[in-house]
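# Architecture at a glance
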Amino acid sequence: MGYAIKVSGIALLYLGLSIACSAKAEQSVAVEISASSIQVIAHGSFDDLSIGITGPHGYGFQKSYENTQTTLPISELDLVNDGYYHYEAIGIKFTGGTRVVDGNGREPGSLMRASIVKRKSGRFQVVNSSIVALNPEEKSGE
């Protein structure tokens, strides 16, 4: 009898961990780079999806989207200078709660919408007006 209870407890613990891990895996942001475009894909439900790109000669691109996937053609990005570019894609899911914050550019005691933030960053190179994906030095995080 005691053995059956232990086995049941272990099975329930494993099931709980599996559910928690799969719920966490549902929320992520991916970036796929090809010679002619950059695709940003949100896995899971986000309220805001944005991408920022910086590069040589003060290049900067920033755009937010309400959908969960977007493809940016190289022609829209206006990547005219050869060199290395860095990107960061961010997915934000508002949880419905609020929290009190002190600082971070806000007055002490200000309310901030609680959220889950997922990030994916990395770099690519532009050579002769084509994007060259680099081996992943990418970082992802929350």
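Below: a short report on this structure. (Residues numbered from 1 in each chain as written. Predicted model: local features only at pLDDT ≥ 70, side-chain atom pairs only at ≥ 80, totals over all residues. Heavy atoms only, no water.)

## Side note on the packing of aromatic side chains
Tallying each qualifying case throughout the model produces 3 aromatic pairs. Geometrically, the ring pair formed by Tyr59 and Tyr85 is edge-to-face, given 5.4 Å between the ring centres and 80° between the ring planes. Of this pair, Tyr59 sits in strand 4 (residues 59–65) while Tyr85 sits in strand 6 (residues 83–103), and the two are 26 residues apart along the sequence. Judged on exposure class, the residue Tyr59 and its partner Tyr85 are both buried. Ring centres of Tyr85 and Phe124 lie 5.5 Å apart, and the angle between their planes is 5°; this geometry places the pair in the stacked category. Separated by 39 residues along the polypeptide, Tyr85 in strand 6 and Phe124 in strand 7 (residues 106–127) bring together distant segments of the chain. Accessibility expressed as a relative area gives 0% for Phe124, which makes it buried. Of the aromatic side chains, those joined through ring pairs into one cluster are Tyr59, Tyr85, Tyr87 and Phe124. Above the ring of Phe94, the side-chain terminus of Arg113 is found at 3.7 Å from the ring centroid. (Phe/Tyr/Trp six-rings, centres within 6.5 Å; stacked < 30°, edge-to-face > 60°. Helix = DSSP H or I, 4+ residues; strand = E, 2+ residues; numbered from the N terminus. Buried < 20%, exposed > 50% of the residue type's maximum accessible area, 1.4 Å probe, protein only. Lys NZ or Arg CZ within 6 Å of the ring centre and 35° of its normal.)

## Some details on the pairing of strand 2 (residues 37–43)
Here strand 2 lies mainly inside the structure; 6 of its 7 residues are buried. Pairing analysis gives 6 bridges linking strand 1 (residues 28–33) to strand 2, with the strands arranged antiparallel. If you follow Val29 over to strand 2, its bridge partner there is Ala42. In sequence, strand 1 turns back onto strand 2 through a hairpin of 3 residues. In this structure, strand 2 lies alongside strand 5 (residues 69–73), joined through 5 bridges in antiparallel fashion. Bridge pairing in strand 5 places Val40 opposite Thr70. (Pairing = 2+ DSSP bridges.)

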